[in-house]
Amino acid sequence: MRLLRTILMFTGIFFLLCVLTALTSAPFWAYHWLGTSKSELEQKPQYIVLLGGGGMPSQSNLMRSWYTAHAAKSFPDAKIIIAMPGELDDSLSTPQKMKAELEVRNIPAEQILFEAEGTNTRSQALNCAGLIAYKTSVLLVTSPEHMRRAVLCFQKVGFEKVNALPAFENAAEADFSFKDDELGGNKVLLPDVGQNINMRYQLWNHLKYEILVAREMFALTYYKLRGWI
């Protein structure tokens with residue numbers, strides 16, 4: 001029982017520290033650092049590498065596809081490589097759906113290539129090295145928390161000109177505040193939350209950032225120990 005009480009105490013302390021940290025801007029800036037610390041555009045890319053991050057549709061893949069399409073319009077001569085494992089003969093596979101999403105955004109099919117074998121960032125970088133030369137300028141598109149690891153992986157494999165475009169989510173410009181009592185419902189002994197954007201959104205977003213950052217720091221450590229970055 002004493003051991004259990006100790007575990008519960010430390011669990012409670014850890015959770016409290018997470019909540020208190022989420023009330024600050026630290027989680028956002030840690031997330032922002034992962035996305036921007038290696039995000040540079042120093043050369044005109046010859047290839048845009050869209051690194052897949054989930055099923056289709058999914059938040060990560062749709063956002064990455066959106067950014068890839070905009071990059072392709074900025075660099076119309078660049079080829080696009082969709083790095084996502086899947087059966088290319090199946091029109092309903094995730095890489096084919098990602099291609100269809102790009103085509104919806106007016107990206108020509110002949111501009112799109114596939115790397116459909118890599119199942120993690122390291123193998124995707126190795127496989128892309130088999131498709132394009134090391135001296136080729138590439139632009140990586142992936143989620144912000146994954147961007148630093150992706151750039152380091154491609155550089156470790158031997159790519160000399162690695163640019164990066166993190167798929168950050170843009171904040172809505174609308175004012176989401178409201179007056180609780182004007183919306184009817186039950187009268188309860190609870191504080192109004194309509195004017196408290198931090199409590200309604202920021203706290204929970206920052207808790208999510210904490211999880212993303214923690215997971216990515218473990219991944220970066222593992223990749224470093226394996227010599228992949």
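This text goes with the structure placed above it.
Read on for a plain summary of the structure. Computed from a predicted model, the values in this text were never measured in an experiment.

1. Thoughts on unusual backbone geometry
The linkage connecting M56 with the following residue, P57, adopts the cis geometry, with an omega of 5°. Positive phi values are uncommon outside glycine, yet N106 reaches one of about 70°. Its location among the elements puts N106 in the loop between helix 4 (94–104) and strand 3 (112–115). Since its relative accessible area comes to 63%, N106 is described here as exposed.

2. Considerations on the environment of I107
In this structure, I107 sits in the loop between helix 4 and strand 3. On the accessibility criterion, I107 (4% relative accessible area) is buried. On a C-alpha basis, the gap between I107 and G55 in space is 20 Å, while along the polypeptide they are 52 residues apart. Excluding its chain neighbours within four sequence positions, the residues that come into contact with I107 are A69, A72, K73, I80, L102 and I112.

3. Details of the layout of surface pockets
A volume near 1200 Å³ is recorded for the largest pocket. In terms of lining residues, the largest pocket is bounded by 43 residues, among which Y31, Q59, E169, K208 and Y209 are the most central. Going through the elements one at a time, helix 2 (26–36), helix 3 (59–74), helix 5 (121–129), helix 6 (144–157) and helix 7 (197–226) are the ones with two or more residues in the lining of the largest pocket. Ranked by residues supplied to the lining of the largest pocket, first place goes to helix 7 with 13 residues. Looking at the lining of the largest pocket residue by residue, the classes come out as 18 nonpolar, 17 polar and eight charged.

4. Remarks on the pattern of salt bridges
Summed over all chains, the structure comprises four salt bridges. A salt bridge links E160 to K135; its shortest N-O distance comes to 3.5 Å. With a gap of 25 residues between them, E160 in the loop between helix 6 and strand 5 (161–166) and K135 in the loop between helix 5 and strand 4 (137–142) connect regions that are remote in the sequence. One exposure class covers both E160 and K135, and it is exposed. The salt bridge partner of E216 is R149, with a shortest N-O separation of 2.6 Å.

Conventions we followed
Residues numbered from 1 in each chain as written. Predicted model: local features only at pLDDT ≥ 70, side-chain atom pairs only at ≥ 80, totals over all residues. Heavy atoms only, no water. Helix = DSSP H or I, 4+ residues; strand = E, 2+ residues; numbered from the N terminus. Buried < 20%, exposed > 50% of the residue type's maximum accessible area, 1.4 Å probe, protein only. Contact = heavy atoms within 4.5 Å. 1 Å grid on protein atoms, 1.4 Å probe; cavity = no way out; pocket = protein on both sides within 12 Å on 5 of 7 lines; lining within 4 Å. Points joined across faces, edges and corners; volume = space filled by probe spheres on them. Nonpolar A, V, L, I, M, F, W, Y, C, P; charged D, E, K, R; others polar. Salt bridge = Lys/Arg side-chain N within 4 Å of Asp/Glu carboxyl O.

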